[in-house]
Amino acid sequence: MTKESLKELKINKPSKEQRQRVKAVWDGIAKPVNGLGQFEGIIAQIGAIAETTEVDISKRAVIVMCADNGVVEEGISHYGYEMTAIIAGELVKGTTSVSRMALRANADVLPVNIGIHQEEEITGLIQRRVAFGTKNFRQEPAMSEEEALKAIEIGIETVRECKERGYSILATGELGMGNTTTSSAMAAALLGCLAEDVTGVGAGLSKEAFVHKHEVIKEALEKYQFQKEETLRTLKTVGGLDIAGLAGVFIGGALYHIPVVIDGVISAVAALTAERLVPGAKEYMIPSHLSKEPAAKKLLEELDLHPVIDASLALGEGTGAVLMFSLLDTVLSVYEGSSTFDDINSSL
Ligand SMILES: O=C(O)c1ccc[n+]([C@@H]2O[C@H](COP(=O)([O-])O)[C@@H](O)[C@H]2O)c1
Ligand SMILES: Cc1cc2nc[nH]c2cc1C
């Protein structure tokens, strides 16, 4: 994929007519109008994307992009490269948080090695490595433009394969130490805000390490002097291969008409990246939760997307998005089986 071919991608809007038809089904159900609030709109959005009123989200997966970030060498994470490989090993065994939640929610976990630092391959990961982690952005740009574009293409391709395999809804997830630093730096650059507005503790930090993380992000913003509209330059300079891959997943969702549920702060920055690179992609995105990381709220506000779960989640891996699958199942049981006003009137 080239910068030019990315620019040429065009998104068709989900069907307005089908959205209205789903809305009409909701309005016919014997309950207060809009009683299920935002959930009614989300089911209508899914129907509009699939062009049907028979909304089916039974075949679902969470795509977990795994990658390392060179900036961990600065001590901005409580953990080092080794933890990414260790948790990726647990991911393929089915013993991580998202694996357990996905099992309960009947979702497949598709773990992608898009840039783990460890050379030794972890059996069970989908091998799509672009590099052995990114470079340390405090010293130099995290990756080349070609690497960023390659990672975006991998995300798009992953969704195309999912479409062929019959998936009707996807969720984003990621794993990679240091990725709340890359996400915060990207958020500050894309939103034009200060490092202090977007820096959080990630997977846990001491007070001193948190101050240092803020300094590293602030210094990078001063060093690289981003303009808000420089999406690709921001991605390649302070982003990560996981973020680039997930941006590709959101773009793929829009191209192949599959709704994609957004997880936490890393997924949210990937979502904004996708929308900036390919306008209209957000019509295919479904927000799930509001991550505890401060950047998340600002990113979702910028996208004008409203998460339904506000539970201070800060786990990643796609956990909050998989939680959304369970909520949508519960809501769909109302959509599919409730008495309608017609039923009630005929029994009067
Ligand atoms: O998704 C989130 O909002 C989120 C918030 C805090 C931490 N995480 C996870 O924690 C890891 C990154 O934390 P850190 O402190 O190394 O930047 C990474 O593997 C993420 O999946 C994820
Ligand atoms: C143990 C652990 C599990 C994770 N899952 C996602 N990010 C993570 C970070 C850590 C540290």
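Sequence positions are assigned chain by chain, starting from 1 and proceeding in written order. Chains and ligands are labelled sequentially in the order written, the chains with letters from A and the ligands with numbers from 1. With pLDDT at 70 or above as the cut-off, local features in this predicted model cover only qualifying residues; side-chain atom pairs require 80 or more to be listed or tallied, and sums for whole chains, interfaces and linings still use all residues.

Some words on the overall build of the protein
Threshold: By the criteria applied, helices consist of DSSP H or I runs no shorter than four residues and strands consist of E runs no shorter than two, each listed in order from the N terminus. Every radius of gyration here is taken over C-alpha atoms, with the globule rule written as 2.2 Å times N^0.38, N being the number of residues. Field definition: a residue is buried when 20 or more other C-beta atoms are found within 10 Å of its C-beta, exposed when 12 or fewer are, and partly exposed for counts in between, with C-beta atoms placed from the backbone. Think of it this way: build a C-beta for each residue from its backbone, and any pair within 7 Å is a contact.
If you tally the helices and strands in the protein, you get 15 helices and six strands. For a compact globule of 348 residues, the expected C-alpha radius of gyration is about 20 Å, and the protein comes in at 20 Å, within 12% of that figure. Summarising its shape, the C-alpha atoms of the protein cover approximately 75 × 40 × 40 Å along the three principal directions. Taking all 348 residues of the protein together, 52% fall into the buried category. A sequence separation of at least 24 residues applies to 78% of the contacts in the protein between residues at least 6 apart.

A short note on the site of ligand 1
Applied cut-off: Proximity of a residue to a molecule or strand is defined by its backbone-placed C-beta atom lying within 6 Å of that partner. Amino acid classes used here: Ala, Val, Leu, Ile, Met, Phe, Trp, Tyr, Cys and Pro are nonpolar; Asp, Glu, Lys and Arg are charged; the rest, including Gly, are polar.
Around ligand 1 sit 22 residues, and of these S77, G202, G264, S291 and G316 come closest. Broken down by secondary-structure element, the contributors of at least two residues to the shell around ligand 1 are β4 (169–175), α7 (179–191) and α12 (265–277). With three residues, the top contributor of residues to the shell around ligand 1 is α7. A breakdown of the residues in the shell around ligand 1 according to their chemical character gives eight nonpolar, ten polar and four charged.

Considering the site of ligand 2
Residues in close proximity to ligand 2 include Y79, M83, I87, L175, A203, L315, G316 and E317, which together make up its full environment. Considering only residue class, the shell around ligand 2 consists of six nonpolar, one polar and one charged.

Some remarks on the nonpolar core
To keep things clear, this is the line we draw: The nonpolar core is taken to be a set of buried Ala, Val, Leu, Ile, Met, Phe, Trp, Tyr and Cys residues joined by way of C-beta atoms within 7 Å.
Core analysis: the biggest nonpolar cluster contains 110 residues, and V62, V64, L170, F250, I251, V269 and V322 have the highest contact counts within it. Ranked by the residues each element gives to this core, the list is headed by helix α11 (residues 241–255), at ten residues.

Overview of the packing of helix α3 (residues 37–50) against helix α14 (residues 319–337)
The condition is simple: For helices, the fitted line uses only the C-alpha atoms of the stretch in contact; every axis is such a line through C-alpha atoms, and the angle between N-to-C directions lies from 0 to 180 degrees. Note on terminology: angles under 35 degrees are roughly parallel, angles over 145 are roughly antiparallel, angles of 65 to 115 are roughly perpendicular, and the others are oblique.
The contact between α3 and α14 brings their axes to 11 Å, and the two run at 85°. In terms of orientation, α3 lies roughly perpendicular with respect to α14. Each of F39, I42 and I43 in α3 lies in contact with α14, whose residues at this interface are L328, V331, L332 and Y335.

A word on the sheet that holds strand β2 (residues 107–115)
The pairing of strands in a sheet happens through backbone hydrogen bonds and is either parallel or antiparallel. For the record, the criterion: A pair of strands is labelled paired if DSSP reports no fewer than 2 bridges between them.
One open sheet holds the six strands; their spatial order is β3-β2-β1-β4-β5-β6, and the pairing between them is parallel. Every other strand in the sheet has two partners, leaving β3 (126–127) and β6 (285–287) as the edge strands with one partner each.

A look at helix α6 (residues 145–164)
Our working rule: The span you would expect from a helix comes to 1.5 Å times its residue count less one.
The terminal C-alpha atoms of α6 lie 29 Å apart, and with 20 residues this matches the ideal 28 Å at 1.5 Å per residue to within 8%. Turning to α6, its buried residues are A148, L149, K150, A151, I152, E153, I154, G155, I156, T158, V159 and C162. Buried-residue contacts for α6 involve α1 (3–8), β1 (60–67), β2, β4, α10 (231–238) and α11. Downstream of α6 by a residue or two, G166 has a phi angle that is positive, lying close to 90°.

Observations regarding the pairing of β1
Burial analysis of β1 places eight of its eight residues in the buried class, the great majority of the element. Of the two faces of β1, the one holding R60, V62, V64 and C66 and the one holding A61, I63, M65 and A67 are both buried throughout. Alignment of β1 against β2, held across eight bridges, turns out to be parallel. Residue R60 lies in a different strand from β2, and its bridge partner there is A107. Across seven bridges, β1 lies against β4 in parallel orientation.

Re unusual backbone geometry
In most cases, non-glycine residues show a negative phi, while peptide bonds are predominantly trans. Despite not being glycine, D304 has its phi angle at roughly 60°, a positive value. Even without being glycine, E317 reaches a positive phi, approximately 65°. With respect to the helices and strands, the residue E317 is situated in the loop between α13 (294–303) and α14.

Quick look at the pairing of β4
Of all seven residues that make up β4, seven are buried, and the element is covered over most of its length. Burial along β4 is two-sided: the residues I169, A171, G173 and L175 and L170, T172 and E174 are all buried.

Description of the environment of A321
The residue A321 is located in helix α14 in this model. Spatially, the C-alpha atom of A321 lies 6.0 Å from that of I262, the residues being 59 residues apart in sequence. Every residue in contact with A321, bar those within four places of it in the chain, is listed here: V62, A171, T172, G173, V261, I262, D263 and S288.

A few points about the confidence of the model for the protein
Operational definition: Summary of the metric used: pLDDT quantifies the predictor's per-residue confidence within the range 0 to 100.
In this model, the protein carries an average pLDDT of 98, and 100% of its residues clear a pLDDT of 70 or more. Predicted complex metrics record ipTM = 0.99 and pTM = 0.99.

Remarks on the environment of G166
Looking at where G166 falls in the secondary structure, it is placed in the loop between α6 and β4. For G166, a count of 8 C-beta atoms within 10 Å gives the class exposed. C-alpha of G166 to C-alpha of K59: the two residues are 107 residues apart in sequence and 7.0 Å apart in space.

Section: the environment of S339
With respect to the helices and strands, the residue S339 is situated in the loop between α14 and α15 (341–346). For S339 and A30, which are 309 residues apart along the polypeptide, the C-alpha to C-alpha distance reads 5.8 Å. In contact with S339, other than residues within four places in its own chain, are A30 and I344.

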